[in-house]
Amino acid sequence: MNITHTSRLVSTKAVGPAIYQQRFHQPTVARSAHAGQFVHVLPDGHNLFRRALSVYATDPDKGTFDVLHQVLGEGTRSLSRLEKGAEVDTLGPLGNRFPAPPKGRRAILVGGGLGMAPLRLWAYELAGAMVKRARGNEIDRKRLPLIMLGARTKDLTTKPYKLGKFGIRVQWATDDGSRGYHGTIVMRLREDVEKELLDPERSVVYGCGPEPMMAALAEECESFSIPCYVSLERSMPCGFGVCMGCVVRRRDGSAYETFSRVCRDGPVFNAADIIF
Amino acid sequence: MGPKKTKAPDLHVTIAGVEFATPIWTASGTAGTGEEIERHTDPSKLGALVTKSVSLEPRPGHPYPRTCETASGMLNCIGLQNKGIDAFIAEELPRLQRMKTRAVVNIVGNSIDDYVELAKRLDGQDGVDLLELNLSCPNVEKGIDQGSDPSWIGECVAGVRTVTKTPLVVKLTPNTNNIAALAVAAEQAGADAISAINTLVGMAVHHWKLSPRLSNVTGGLSGPAIKPVALAAVYKIVRAVEIPVIGIGGIANGLDAAEFLIVGASAVQVGTAIFRSPKAPIDIAQQLSDYLAQMEVESVSNLVGRLEA
Ligand SMILES: Cc1cc2nc3c(=O)[nH]c(=O)nc-3n(C[C@H](O)[C@H](O)[C@H](O)COP(=O)(O)O)c2cc1C
Ligand code: FES
């Protein structure tokens, strides 16, 4: 499949401090991208490499896809300053997808910071599939995915784009207690299980966020025997599997397979298969 | 009658008796063993695919972080992660045989015996057009730096020469004070071509964390930053040997490739630029063709060694 495309910027919206939601017109990506996958965007300027951005939303009819990014370096800065109509060189969609929830388990989506982006698309896809299956009947709201998001402080709690129409709930935790639970979102998850607000036997966790948070999440899930899938972030020189730069250590690997490529074998892994 | 149609310049080159559709090849370690390149581009438009170094035993490679972007370049300490020669022959060679492109198989060892054994296993295998000996990887810890010792290179190439009929390309390290002497040693021992350069040893430091940015502390520098070093290396080597030289280092467009050919390289390899785009070598071949047309040079071989100095 050809993965090299030109994407045209449709809009840039500031959705938080230095956080931007950008919409690009690129019908192939819009139609084929799924939750968990990313696009690799080449910013102009002096950057040698692309920037990997999770797909945040898609509109197959309009041929657009959205990404969410925070201006952290030169690459994301030049992206945020692009003029409407500007064309950017894009590879994608790349990587694997979140696997479907095992039967009888509700999806609990646990994110930190911009890790929210792929989780939002996953919630949208799961809820959309529920509505489709219901064929016009009411859907069982208790089975809708639950989104649990953590941030340092209230200012950084960007609301996931357009989930209201399904009635999907978002629960927050902030380090300073300025919004929602006071503490980390992983602590909140543990308390919810302990208080029997969440049934570990009827839940599956999907996580995306900073690596230490993913490690803590995987550990909690393991202690409660909740299946857990995490989406990992890596610096990615190529994004399509040839440089071997973006690796994660596997638990079961043979000598050659001690390390897996996050761009090609992931970014989504069963937390039980990897070592943080 | 319409206007006279100018013929597209001829990009074919012949090296060690093997004909290549274009002088633009991939560089080892930057195109895997072809799977991804085949998925994302048209491999028949490549001069050759050079595979990632394969060793006798599988190698796990180094932990993350393995790469770091630097000014106009990058560092890597992948650590030669590969599945070993047995799995390579069983799983990768069939694809190389089927793929409509020339295949150059790159091998790496810890000792001369390793190189000889690897060459033996690959001798006579369908789908191996050339064998490239990676005598230069600075990543793997080694007591002595054998790849910068001309007598070791001579012995290694001579050993390999006796066990294979496949043409040999010897890939050299720039981490030496006399790359021409290394090339001469390889030529005298029976090499059919020289490729240069591999990466330069480098390092990057995280100033806030007071730590190295690579898990292995040092790594190999590649990309546009090393092009001037590579051009100078090719310049010295072509003056020292008769056999063809394949230029490598920082090539990102057709004009970069042309510069290597002008200096005297018969072909070039493209590495880091592939990370930006899987189509890079194909785009570079097209840009080279456009350049040749503009220069009114009919065949790429007529550009080789045209440096006026
Ligand atoms: C990530 C990476 C992996 C590499 N792996 C190998 C390898 O396995 N064997 C080898 O001979 N050279 C290897 N090289 C060196 C390249 O083949 C090439 O000589 C070097 O990168 C300079 O070319 P460039 O500037 O076009 O990348 C590697 C380079 C990079 C960047
Ligand atoms: S980023 Fe190159 S292999 Fe994953």
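The model shown is predicted, which means the values in this text are computed figures rather than measured ones.

Calculation rules
Residues numbered from 1 in each chain as written. Chains lettered and ligands numbered in written order. Predicted model: local features only at pLDDT ≥ 70, side-chain atom pairs only at ≥ 80, totals over all residues. Heavy atoms only, no water. Pairing = 2+ DSSP bridges. Helix = DSSP H or I, 4+ residues; strand = E, 2+ residues; numbered from the N terminus. Expected span 1.5 Å × (residues − 1). Bend = angle between axes of the 7 residues up to and from the residue. Buried < 20%, exposed > 50% of the residue type's maximum accessible area, 1.4 Å probe, protein only. Arc of directions from axis to C-beta. Contact = heavy atoms within 4.5 Å. Domains from an automatic or database assignment. Buried area = accessible area lost by both parts, 1.4 Å probe. Salt bridge = Lys/Arg side-chain N within 4 Å of Asp/Glu carboxyl O. Polar contact = N/O pair within 3.5 Å; in protein donor to acceptor, adjacent residues only side chain to side chain. Nonpolar A, V, L, I, M, F, W, Y, C, P; charged D, E, K, R; others polar. Near = heavy atom within 4 Å. Axes fitted to C-alpha atoms, helices over the stretch in contact; angles between N-to-C directions.

1. Concerning the sheet that holds strand 7 (residues 106–112) of chain A
Residues and elements named next belong to chain A.
And then number 1: The strand order across the open sheet formed by seven strands is 10-9-8-7-11-12-15, and the pairing between neighbours is mixed. Edge strands, defined here as strands with exactly one partner in the open sheet, are strand 10 (181–182) and strand 15 (268–270).
And then number 2: The sheet contact formed by strand 12 (residues 228–231) and strand 15 spans three bridges and is antiparallel. Considered in strand 15, the bridge of Tyr-229 is made with Asn-270.

2. Quick look at helix 2 (residues 84–98) of chain B
Residue and element names in this part refer to chain B.
And then number 1: With 15 residues, helix 2 extends 21 Å between its outermost C-alpha atoms, agreeing within 8% with the 21 Å of an ideal straight helix rising 1.5 Å per residue.
And then number 2: At Glu-92, helix 2 is deflected by roughly 45°, the largest bend along its length, and proline Pro-94 occurs up to four residues later in sequence.
And then number 3: Those residues of helix 2 that fall on the buried side of the exposure criterion are Gly-84, Ile-85, Ala-87, Phe-88, Glu-92, Leu-93, Arg-95 and Leu-96.

3. Description of unusual backbone geometry
And then number 1: In this model, Gly-266 of chain A is joined to Pro-267 of chain A through a cis peptide bond whose omega is 10°.
And then number 2: Within the secondary structure, Pro-267 of chain A sits in the loop between strand 14 (259–261) and strand 15.
And then number 3: A cis amide bond, omega -5°, links Tyr-64 of chain B with the succeeding residue Pro-65 of chain B.
And then number 4: With a phi angle near 55°, Leu-210 of chain B is a residue other than glycine that sits in the positive phi range.
And then number 5: Along the chain, Leu-210 of chain B falls in the loop between strand 12 (205–206) and strand 13 (211–212).

4. Focus on helix 6 (residues 227–240) of chain B
For an α-helix, 3.6 residues make a turn, and residues three or four places apart therefore share a direction.
Residues and elements named next belong to chain B.
And then number 1: With 14 residues, helix 6 extends 20 Å between its outermost C-alpha atoms, agreeing within 8% with the 20 Å of an ideal straight helix rising 1.5 Å per residue.
And then number 2: Among the residues of helix 6, those classed as buried are Lys-227, Ala-230, Leu-231, Ala-233, Val-234 and Ile-237. Seen from one end, helix 6 has its buried residues packed into an arc of 160°, which puts them on one side. Looking at helix 6, the residues exposed on the side facing more than 90 degrees away from the buried face are Pro-228 and Arg-239.

5. Let's talk about the side chain of Ser-266 of chain B
All names here are of chain B.
And then number 1: Assignment of secondary structure puts Ser-266 in the loop between helix 7 (254–263) and strand 16 (267–270).
And then number 2: Taking the relative accessible area as the measure of exposure, Ser-266 reaches 18% and is therefore buried.
And then number 3: Apart from the residues within four sequence positions on either side, Ser-266 is in contact with Val-13, Ile-15, Pro-23, Pro-244, Val-245, Leu-261 and Val-304.

6. Observations concerning the domain arrangement of chain A
Residue and element names in this part refer to chain A.
And then number 1: Along its sequence, chain A is carved into domain 1 (4–94) and domain 2 (106–233).
And then number 2: Relative to domain 2, the C-alpha centre of domain 1 lies at a distance of 24 Å.
And then number 3: On the side of domain 2, 14 residues touch domain 1, which itself brings 19 residues to the contact.
And then number 4: Summed over the three residues of domain 1 that lose the most area to domain 2, namely Ala-35, Tyr-56 and Leu-68, the buried surface amounts to 40% of that side.
And then number 5: Counting across the domain 1 and domain 2 interface gives zero salt bridges.
And then number 6: Where domain 1 packs against domain 2, one counts six residue pairs in polar contact (both at pLDDT 80 or more).
And then number 7: If you list the elements that add at least two residues to the side of domain 1 that touches domain 2, you get strand 1 (4–16), strand 2 (19–25), strand 4 (51–59) and strand 5 (64–70).
And then number 8: The biggest single contributor to the side of domain 1 that touches domain 2 is strand 4, with five residues.
And then number 9: Residue composition of the side of domain 1 that touches domain 2, grouped by class: nine nonpolar, seven polar and three charged.

7. Quick word on the interface of chain A and chain B
And then number 1: Taken together, the contact between chain A and chain B spans 29 residues of the former and 34 residues of the latter.
And then number 2: Both faces combined, the contact of chain A with chain B buries some 2,700 Å², and carbon together with sulfur accounts for 59% of it.
And then number 3: Here chain A is connected to chain B by three salt bridges.
And then number 4: Across the pair Glu-36 of chain B and Arg-261 of chain A runs a salt bridge whose closest N-O atoms are separated by 3.1 Å.

8. Here's the deal with the site of ligand 1
And then number 1: Close to ligand 1 lie 24 residues; Ser-28, Ser-53, Lys-171, Gly-250 and Thr-272 of chain B are nearest.
And then number 2: Those residues lying near ligand 1 are distributed over chains A and B.
And then number 3: One of the side-chain nitrogen or oxygen atoms of Ser-53 of chain B is found 2.7 Å away from a nitrogen atom of ligand 1.
And then number 4: Between an oxygen atom of ligand 1 and a main-chain N or O atom of Ile-197 of chain B, the distance comes to 3.0 Å.

9. Here's the deal with the pattern of salt bridges
And then number 1: What the rule picks out here adds up to 23 salt bridges over all chains.
And then number 2: For Arg-121 of chain B, the salt bridge goes to Glu-117 of chain B, with nearest N and O atoms at 3.0 Å. Of the two residues, Arg-121 of chain B and Glu-117 of chain B both sit in helix 3 (residues 112–122), four residues apart, roughly one turn of that helix.
And then number 3: Note that Asp-256 of chain B and Lys-227 of chain B form a salt bridge whose closest N and O atoms lie 2.7 Å from each other. Taken together, the residues span a long stretch of sequence, with Asp-256 of chain B in helix 7 and Lys-227 of chain B in helix 6 at a distance of 29 residues. Assigned by exposure class, Asp-256 of chain B and Lys-227 of chain B land together as buried.
And then number 4: The network of salt bridges with common partners includes Arg-261, Arg-264 and Asp-265 of chain A together with Glu-35 and Glu-36 of chain B.

10. Considerations on the sheet that holds strand 14 (residues 218–222) of chain B
All names here are of chain B.
And then number 1: Pairing in this open sheet of four strands is antiparallel, and the strands run 5-6-14-11 from one edge to the other. Edge strands, defined here as strands with exactly one partner in the open sheet, are strand 5 (67–70) and strand 11 (200–203). Neighbour-to-neighbour, the strand axes of this sheet turn through a mean angle of 40°, independent of strand direction.
And then number 2: Pairing between strand 5 and strand 6 (residues 73–76): four bridges, direction antiparallel.

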